[in-house]
Amino acid sequence: MIKALKVSAALCTGALLVPVLVSYAAGTEPEGAPLAGSAPARSTTDTPENTEKLKVDYENGALNSGVDGLSTTHATASDASGVVRPGSGSSYAVQHKVTLGDSGYESNGAPRSESATDLLPSGQFDVGDVQRYEFSVLLKDWKTYTPGDSETGDIVFQGKYAGGNVPAFYLMAKRNEVAFRSPHLNQQTTVVPDLRPYVNKWMSFRVDARWTTDETGYFKVSVRLPGESGYKPAVSYENVRTYQPENPAEHGYIKWGLYRPSESIENGDVPTRIVQHDDIRILDLS
C-alpha cells in the first residue's frame, strides 16, 4: 500500500545570484571518470544525528570538488559542465548545460550532462541501507512554461540503480512545477507547485530512503525554499518496495545535473537549459 502525504510550502523571495564561470571540463574523459588533476579526497564527518558519508560543495574550485572517484560529465562541449561562482551561500557551485540537437551535449546517446557517484563507495546504496540525500539547485535563466509549450520534464537529480536500469527516483522541473517521481512505483507528486518565483534562486531538497526488496521501504521528500529556515515535508511513500532494478544491479548511486530524455527541437522544447547544483550530501540514517 502506498501512502502519500502532501504539505504545501510558503512562497518566499530570495536574492538574485549572478554566476561567474570559473572553469570548464575538458570534455575528454568518459562518463564515470574523475577529472584529471583533482585534489585529494574529502573526508567525511559525524553529526549528532547521523554519519555524513559524502559532501560535495565545490569549494576548492574543482569540477570533482576534490572527491577522488566522483564522475564528471561525458558530454564533450566545453561548457557542458563547469565550476561557477557564487554558490548557494558559498563561493562555488557546479553548472551543467544541455543544448538539444547538439551532440556535444549528449552522453551515451541522450541529451544530458551530469555528475555521478557510481564509482565512489561513499556515494553508493544497497539493500538494507537507510540514507538521506540533500542538494541545492538553481534553475539558471529558466524559460518558464506557457500553455501550448511542450510538457516534458527536465531531470535535475536521480537515485539510480547501476547496470543501465531506470532510476529508483528522480526530481524534475516539469511545466512550472518541481515533481518527485518513482518510475517503478508509478508514483509522481508535485513538491514545488510553482517554480517561477524561484528562477535564479537556490532551492534545497532532501530525500530520505530506506532501500528494501520488500514492502518495508520508504521515500520521504522535504523542501526548503528561498527565505525558509528549515525543510518542510512535501511527500512520503511508505511501506513500499524501493529497491527493484529491472536488470541485475550491484548497487545504486546518485546523479545530479541535467537530463532531458524526452525532449527535442522537433517537439518544440526549449533548446538550451542550464542548472547549477551545490551542497550535495549523503548521510547514513541507519
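Residues numbered from 1 in each chain as written. Predicted model: local features only at pLDDT ≥ 70, side-chain atom pairs only at ≥ 80, totals over all residues. Heavy atoms only, no water.

A. Main features of the environment of Y161. Along the chain, Y161 falls in strand β9 (residues 153-161). Judged by relative accessible area, which is 0%, Y161 ranks as buried. A sequence separation of 92 residues divides Y161 from Y253, and the C-alpha atoms of the two residues are 6.4 Å apart. Of the polar contacts made by the side chain of Y161, one reaches the side chain of H184; its length is 3.4 Å. A distance of 3.1 Å separates a polar side-chain atom of Y161 from the backbone nitrogen of Q244. (Helix = DSSP H or I, 4+ residues; strand = E, 2+ residues; numbered from the N terminus. Buried < 20%, exposed > 50% of the residue type's maximum accessible area, 1.4 Å probe, protein only. Polar contact = N/O pair within 3.5 Å; in protein donor to acceptor, adjacent residues only side chain to side chain.)

B. Representation of the pattern of salt bridges within the structure. For the structure on display, the rule yields 14 salt bridges. Its salt-bridge partner being K143, residue D149 comes within 3.5 Å of it at the nearest N-O pair. Across the salt bridge formed by D194 and R196, the nearest N and O atoms sit 2.9 Å from each other. Given the relative accessible area of 19%, D194 is considered buried. Taken together, the shared-partner salt bridges in this structure form one network comprising E52, E134, R206 and R281. (Salt bridge = Lys/Arg side-chain N within 4 Å of Asp/Glu carboxyl O.)

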